[in-house]
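# Remarks on the overall topology
Okay, here's what each chain looks like letter by letter:
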Amino acid sequence: AACAYSVVHPGARVVAISPQSTLRTSLAPFETRFPEGRKLGQWSGPWVDGAQTVANAASVKLIYDPWWAPDAAHAARFGGRGITHYHAPFMGHRVP
């Protein structure tokens, strides 16, 4: 959510732990963990993709386990200016 909603505050400094970029199937077909969340909406509109909405953030820090495939796949969707990837091996999806 921090990534998606950063669009309303240009220049934001975002920290995302175990980020999920989106639940939109066409953008994240690898995401199978949240079927109920996908049913809640159409996953369309300006805030559907956190990997895109961070474009005007001053900085984005992504902290995730590179060995936890779904979180690593979401993190891989983020790239560009001001985005830093921090690996936390064996953290899994949960915050310790």
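Keep in mind that this is a model prediction, so the values were computed, not measured.

Now for the layout of surface pockets. Here the largest pocket defines a volume of roughly 340 Å³. In terms of lining, the largest pocket is formed by 20 residues, of which the most central are A1, A4, Q20, S21 and W43. Considering every element that reaches the lining of the largest pocket, the biggest residue donor is helix α1 (residues 2-5), with four residues. Taken together, the residues of the lining of the largest pocket break down into 14 nonpolar, six polar and no charged.

This paragraph deals with the sheet that holds strand β2 (residues 59-64). Strand order in this open sheet of three strands is β1-β2-β3, and the pairing throughout is parallel. Edge positions in the sheet fall to β1 (13-17) and β3 (83-87), since each has one partner strand and no second. Each strand of the sheet is rotated relative to its neighbour by a mean of 15 degrees, with strand direction disregarded. As paired elements, β1 and β2 share five bridges and run parallel to each other.

Ranked by size, the top nonpolar core spans 14 residues in total, and within it C3, V14, V54, V60, L62, F78 and I83 carry the most contacts. Residue assignment for this core shows that the elements contributing at least two residues are β1, β2 and α4 (69-76). Tallying contributions element by element places β2 first for this core, with three residues. When near neighbours in sequence (up to four residues on either side) are disregarded, V60 contacts V14, V54, G82, I83 and T84.

Attention now moves to the pattern of salt bridges. Going through the model one piece at a time under the given rule, you end up with three salt bridges. Its salt-bridge partner being E31, residue R33 comes within 2.7 Å of it at the nearest N-O pair. On the basis of relative accessible area, E31 is assigned to the buried category, the value being 1%. Of the charged contacts in the structure, one is a salt bridge between R77 and D49, with a shortest N-O distance of 2.7 Å. Of the two residues, R77 sits in the loop between α4 and β3 while D49 sits in the loop between α2 (35-39) and α3 (50-53), which places them 28 residues apart along the sequence. For R77, a relative accessible area of 22% puts it in the partly exposed group. Salt bridges sharing partners connect three or more residues here, namely E31, R33 and D71.

Calculation criteria
Residues numbered from 1 in each chain as written. Predicted model: local features only at pLDDT ≥ 70, side-chain atom pairs only at ≥ 80, totals over all residues. Heavy atoms only, no water. 1 Å grid on protein atoms, 1.4 Å probe; cavity = no way out; pocket = protein on both sides within 12 Å on 5 of 7 lines; lining within 4 Å. Points joined across faces, edges and corners; volume = space filled by probe spheres on them. Helix = DSSP H or I, 4+ residues; strand = E, 2+ residues; numbered from the N terminus. Nonpolar A, V, L, I, M, F, W, Y, C, P; charged D, E, K, R; others polar. Pairing = 2+ DSSP bridges. Axes fitted to C-alpha atoms, helices over the stretch in contact; angles between N-to-C directions. Core = buried A, V, L, I, M, F, W, Y, C linked by side-chain atoms within 4.5 Å. Buried < 20%, exposed > 50% of the residue type's maximum accessible area, 1.4 Å probe, protein only. Contact = heavy atoms within 4.5 Å. Salt bridge = Lys/Arg side-chain N within 4 Å of Asp/Glu carboxyl O.

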